[in-house]
Amino acid sequence: MQLKRGRKSFPTYLVVFLAPALIIYTIFMVYPLLNSLRLSFYSINDQKVETFIGLQNYVTLFTNSNFAPRFWGALKNNFIFFAVHMLVQNPIGLLLAALLSAGGRGRRFYRTTLFMPTVLSVVIIGFIWQLILNPLWGVAESMMKLVGLGSLFKPWLGLTSTALVTVSLISVWQFTGIPMILFYTALIGIPEELVEAGRVDGANGWQAFWHIKFPLVLPTLGIVAILTFVGNFNAFDLIYTMKGALAGPDFATDIMGTLFYRTFFGQQLQLGDPNMGATIAAMMFLIIMSGVLIYLFAWQRRVQTYEL
Amino acid sequence: MTTDTPSVTNAMTNPTRPSALYRLRLLAGRLAPHLILIFFTALALFPIVMIVVNSFKKKPAIFGHPFALPNAETFSLIGYNTVFSRSTFPTYFLNSIIVTVLALLLTLLIGAMASFALSEYSFKGNTLLALYLSIGIMIPIRLGTVGILRLMVKLGLVNTLVALILVYIAQALPLTIFILTQFMRQVPRDLKEAARLDGASEYRIFGLVVPLVRPALGAIGIFTMIPIWNDLWFPLILAPSSKTATITLGVQQFLGQFVSDWNAVLSSLTLAMLPILIFYLIFSQQMIRSITAGSVK
């Protein structure tokens, strides 16, 4: 509605409605974010005096022998963490969604149960899997023996070569419900006539899925990918719970979130450094923003042609 | 529950008698989806069930027969006793409830007010404001942690529940406003105009509109609540004291201390899961329906 013309009084109600949201959002989200970005260009000395040092913190992060290996390591691990989600979590989510959307008995039960792990706290999930994989308890080992793979069991969480993939798969286990439900929503939205038309033309179930349904869920694939990306580059809780702030063994599970926490708060002998912490947060911000922008400009535009 | 798809039924009643092989393939085709779904369902349930079942057993039984249900001989509540006597779970629990409920109610109220203004009035800068508020949908608030902690130190809010509530409101507002604005746009104009003609104030009209978007408020409420309840990051950084720890942080610290007391660990995990699982089982259909609402079959 247009504000009534001729009404002289200032629309106080507009301020009343908007002010609380704007104030809280600006003070507790936008301002701290901008302030964090600003702090990444400063250093603080013991007298708490801030000095502008330009990009020096970034140079330190990329080249200093204390920071650079940790930063590049965490970045690489984070991309592996993301790749495991994209290659395992999202295809399984799509598979389950396709099976659920085909109808059949027990659909509601499957749907409810498969989504359940997503609502639990990452902390709980982390501890549960730590116990299940614990060689002391031997649950995972007995399960593998049952299917004749007992000899393959290893303390995966403790080995540098397997810890990261194991932690990634635990996260996949928890969050498969999210792509599943998003793909499911897209799939049940596809008009039945379209699929029937394909069937009449002789397409079998498999062909009907890939040639008719899959192109129609591509926009959802984009949303799932960007949600996974943002979630993964912001992850922290699971690794902190299972492997502590040091993300062991030997930083094998260190990702951006744990590196940020450790740098900001310090660890063992190293003191916390808010400016270096802010620098890492700024890098996370850049990475996440690049992902979002690629999604908005490249993916979404290209995929639009497919939409109904 | 829906029945099988029509095409399968058609094939079954095909007049020409299908060969045994064909029928076998058909059967496999019908069973395979169930087998896959059952496999993944079992995979999703198994770790949770293992924890809950073993939390009611004596220690030798936990290790000796991890897959067995507790019986008269192995049943024990010793883990629960430890948890209740040695920890401050009730405090953590209360903290989580206070933070979650207040953050949720305030988010919904403040978010609804802003959404109402954005959807109802066209004023200069409306679109820009909506855009400004929606930036936070994609940018995780955690990235501003250095700034948030500084601010809370300055405001003297470190180790208070208020700090958590404020951050969670700020975190939840962007998506809440984005979704609610769209729902509020759909409220029929006539209703509001009629009320205006009757001399209702704009606040009164807001009061009329809010009940009409109740389903959206419910859905947003559920999805706002779960990440707040489960969050570890901000309790760890802004309010780690034992008086202000939330249940998620409390469990994390408790488990760190009692790592070798398996009874206590299993019991505390079960206790920590319980509230959210009960909540989920009550609201799961509503939750899933609210996501899939866009595409009704």
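What counts, and at which threshold
In every chain, residue numbers begin from 1 and rise along the written sequence. Throughout, the order in which chains and ligands are written sets their labels, letters from A for the former and numbers from 1 for the latter. At least 70 in pLDDT is required for a residue's local features to be given in this predicted model, at least 80 for side-chain atom pairs to be given and counted, and no such filter applies to totals for whole chains, interfaces and linings, which use all residues. By the criteria applied, helices consist of DSSP H or I runs no shorter than four residues and strands consist of E runs no shorter than two, each listed in order from the N terminus. Radius of gyration: C-alpha atoms only; globule rule: 2.2 Å multiplied by the number of residues to the exponent 0.38. Neighbour counting defines burial: a residue surrounded by 20 or more other C-beta atoms within 10 Å of its own C-beta is buried, one with 12 or fewer is exposed, and intermediate counts give partly exposed, using backbone-placed C-beta atoms. For every residue pair, C-beta atoms are placed from the backbone, and the pair is scored as a contact if these atoms sit within 7 Å. Working rule for helices: expected span equals 1.5 Å times residues minus one. In this usage, the nonpolar core is the set of buried Ala, Val, Leu, Ile, Met, Phe, Trp, Tyr and Cys residues whose C-beta atoms join them within 7 Å. Here the limits of each domain have been adopted from an automatic or database domain assignment. Axis geometry follows a simple rule: fit a line to the C-alpha atoms, using only the stretch in contact for helices, then measure angles between N-to-C directions, giving values from 0 to 180 degrees. Put simply, angles under 35 degrees are roughly parallel, angles over 145 are roughly antiparallel, angles from 65 to 115 are roughly perpendicular, and the rest are oblique. Each residue gets one label: Ala, Val, Leu, Ile, Met, Phe, Trp, Tyr, Cys and Pro are nonpolar, Asp, Glu, Lys and Arg are charged, and the others, such as Gly, are polar. Residue-level confidence of the predictor, termed pLDDT, takes values from 0 up to 100.

K.L.:
Would you take a moment to explain the overall build of chain A for this structure?
P.N.:
A tally of helices and strands in chain A yields 13 helices and four strands. Taken over C-alpha atoms, the radius of gyration comes to 24 Å for chain A, far larger than the 19 Å a tight globule of 308 residues would show. Per-residue burial over chain A gives 40% buried out of 308 residues. Within chain A, counting contacts between residues at least 6 apart in sequence, those at least 24 apart form 66% of the total.

K.L.:
Would you mind going over helix α11 (residues 214-230) of chain B with me for this structure?
P.N.:
What sets the pattern is the α-helix's 3.6 residues per turn: residues three or four places apart point alike. Taking 1.5 Å per residue as the helical rise, α11 of chain B with its 17 residues ought to reach 24 Å, and the 25 Å between its terminal C-alpha atoms agrees with that figure. Residues of α11 of chain B that are buried: A216, I220, T224, M225, I226, I228, W229 and N230 of chain B. The inward-facing, buried residues of α11 of chain B abut α4 (107-119) and α5 (122-133) of chain A together with α5 (89-120), α8 (161-185), α13 (247-257) and α14 (262-292) of chain B.

K.L.:
I would appreciate a short explanation of the environment of D198 of chain B in the present structure.
P.N.:
Checked against the element boundaries, D198 of chain B lands in the loop between α9 (189-197) and α10 (202-209). D198 of chain B sits 37 residues away from P235 of chain B along the chain, and the two C-alpha atoms are 49 Å apart.

K.L.:
In this structure, what is going on with the nonpolar core? I would like to understand it.
P.N.:
Across soluble globular proteins, nonpolar side chains have a tendency to be buried as a group. Within the largest apolar cluster, 154 residues are counted, with the highest numbers of intra-cluster contacts made by I124 and M284 of chain A together with L164, V167, I169 and A170 of chain B. With 15 residues, α8 of chain B is the single largest residue contributor to this core. Residues from two domains meet in this core; each of domain 1 (26-80) and domain 2 (87-257) of chain B gives at least three. Every residue in contact with A170 of chain B, bar those within four places of it in the chain, is listed here: I24, Y25, F28 and M29 of chain A together with I141 of chain B.

K.L.:
Hey, could you run me through the interface of chain A and chain B in this one?
P.N.:
Bring the parts together and some accessible area is lost; that lost area is often taken as the interface size. Opposite the 69 residues of chain A that make contact, chain B presents 73 residues. Breaking the side of chain A that touches chain B down by element, the ones donating at least two residues are α1 (12-39), α3 (68-101), α4, α5, α8 (177-188), α11 (237-243) and α13 (274-303) of chain A. Here the side of chain A that touches chain B takes 16 residues from α1 of chain A, the largest share from any one element.

K.L.:
What am I meant to see in the packing of α13 of chain B against α14 of chain B here?
P.N.:
All names here are of chain B. The geometry of α13 relative to α14 is characterised by a closest axis approach of 10 Å and an angle of 170° between their N-to-C directions. Of the possible angle classes, the one that applies to α13 and α14 is roughly antiparallel. Across from I247, V251, F254 and L255 in α13, the residues of α14 making contact are V265, S268 and A272. A per-class count over the contact of α13 with α14 returns six nonpolar, one polar and no charged.

K.L.:
Help me understand unusual backbone geometry in this model?
P.N.:
Residues apart from glycine generally show negative phi values, whereas peptide bonds are mostly found in trans. Residues and elements named next belong to chain A. In the segment running from G248 into P249, the intervening peptide bond is cis, with an omega of -5°. With respect to the helices, strands and loops of the structure, P249 is situated in the loop between α11 and α12 (256-265). Phi is positive for K48, close to 65°, though the residue is something other than glycine. Checked against the element boundaries, K48 lands in the loop between β1 (42-44) and β2 (50-52).

K.L.:
Help me understand the confidence of the model for chain B in this model?
P.N.:
Note: predicted coordinates in regions of low pLDDT should not be interpreted at a detailed level. Residue and element names in this part refer to chain B. Predicted confidence across chain B gives a mean pLDDT of 87, with 92% of residues reaching 70 or more. Predicted confidence for residues 1-13 stays below pLDDT 50, and this span has 13 contacts to residues more than four positions away or in other chains. As a predicted assembly, this complex carries a pTM of 0.88 together with an ipTM value of 0.87.

K.L.:
Explanation requested: the environment of L187 of chain A in the structure shown.
P.N.:
All names here are of chain A. With respect to the secondary-structure elements, L187 resides in helix α8. Exposure remark for L187: the 23 C-beta atoms within 10 Å place this residue in the buried category. The spatial distance from the C-alpha of L187 to the C-alpha of V49 is 57 Å, given a sequence separation of 138 residues. With residues near it in sequence (within four places) discarded, L187 still touches A97, A98, S101, K213 and V217.

K.L.:
What's the story with the environment of T118 of chain A in this structure? I'm lost.
P.N.:
Residue and element names in this part refer to chain A. Within the fold, T118 resides in helix α4. Sequence separation of T118 and F209 is 91 residues, and the distance between their C-alpha atoms is 27 Å. Each residue touching T118, except ones within four places of it in the same chain, is listed here: Q174, F175, G177 and I178.

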